[in-house]
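A look at the structure
If you want the building blocks of each chain, they are given just below.
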Amino acid sequence: MSNKETKRFDSSKFKPANDHQLVRRQNTKEERIKDDPPKILFSFRDFDIKQIPPGQNYTHWQKDQLLAYMLEKFGHICAMTITEAQQKSCLKIYDSFPQKTNFKKPQHINDDVHWAVITNIGGQKSRVAGHIIGNVFYVVFLDKDHKFYIADKKNT
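1. Brief notes about the packing of aromatic side chains
- For the coordinates displayed, the defined rule picks out 13 aromatic pairs.
- When the centroid spacing of 5.9 Å and the interplanar angle of 40° are considered together, the rings of F141 and F148 count as tilted.
- Through a chain of ring-to-ring contacts, three or more aromatic side chains come together here, namely F42, F44, F47, Y58, F74 and F137.

2. Thoughts on the nonpolar core
- Grouped together as the largest cluster of nonpolar side chains are 22 residues, with contacts concentrated most on L91, I118, V128 and F137.
- Counting residues per element, the ones that place at least two in this core are α4 (67-77), α5 (82-87), β3 (114-118), β4 (127-133) and β5 (136-143).
- Element by element, the count of residues in this core is highest for α4, at four residues.
- The residues touching V128, leaving out its near neighbours within four places in the chain, are W61, M70, F74, A116, V117, I118, I121, F137, V139, F141 and L142.

3. Focus: the sheet that holds strand β2 (residues 91-94)
- The five strands lie next to each other as β1-β5-β4-β3-β2, forming an open sheet whose pairing is mixed. Here the strands that pair on one side only, and so sit at the sheet edges, are β1 (41-43) and β2. Sheet twist, expressed as the mean angle between neighbouring strand axes with direction ignored, is 35°.

4. Quick notes on the environment of Q86
- For Q86, the position within the fold is in helix α5.
- Looking at Q86, the relative accessible area reads 36%, which means it is partly exposed.
- The sequence separation of Q86 and I118 amounts to 32 residues, and the corresponding C-alpha distance is 9.6 Å.
- In contact with Q86, other than residues within four places in its own chain, are L91 and I93.

5. Quick notes on unusual backbone geometry
- With an omega dihedral of -20°, the bond running from I52 to P53 counts as a cis peptide bond.
- Along the chain, the position of P53 falls in the loop between β1 and α3 (58-63).
- Looking along the chain, the bond that leaves P53 and enters P54 is cis, with omega of 15°.
- Here P54 shows up in the loop between β1 and α3.
- Phi angles above zero are rare outside glycine, and N120 is one such case at about 55°.
- Within the fold, N120 resides in the loop between β3 and β4.
- The backbone of H146 shows a phi angle near 55°, a positive value even though the residue is not glycine.
- Topologically, H146 is positioned in the segment after β5.

Definitions and cut-offs
- Residues numbered from 1 in each chain as written.
- Predicted model: local features only at pLDDT ≥ 70, side-chain atom pairs only at ≥ 80, totals over all residues.
- Heavy atoms only, no water.
- Phe/Tyr/Trp six-rings, centres within 6.5 Å; stacked < 30°, edge-to-face > 60°.
- Core = buried A, V, L, I, M, F, W, Y, C linked by side-chain atoms within 4.5 Å.
- Buried < 20%, exposed > 50% of the residue type's maximum accessible area, 1.4 Å probe, protein only.
- Helix = DSSP H or I, 4+ residues; strand = E, 2+ residues; numbered from the N terminus.
- Contact = heavy atoms within 4.5 Å.
- Pairing = 2+ DSSP bridges.
- Axes fitted to C-alpha atoms, helices over the stretch in contact; angles between N-to-C directions.

Here you go:
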């Protein structure tokens, strides 16, 4: 065997690698991981208990068996982005506080927020009304009677 062939089949060729040789060097290759858009989060910081009625509190919703539906809906929506929730008709966003409503805009909430509702909670009528800043939905009103955004009736 020639000296060249001996080096090619040298026993060092088949030695196990050291642990430090197996670790991928960081920041040496451009990462190709796409950042996921943020999912919807919920806050109850702005919940308004002063407007009961027309709104309701948690106890009312518990008695009407809507509280569990609301929490299930929130859990479902937390897995979505705002765009996905709108596309699936779970979320409607309005430019401003509605003109036709039985509620009054709380004074502590700025005028420049986007008001929105989470729809179809335990049926078509019940909604959670609030506003959105970034990817956070701030719950303001529980509206089981659809009085937050009063729409004109169609085909009647």
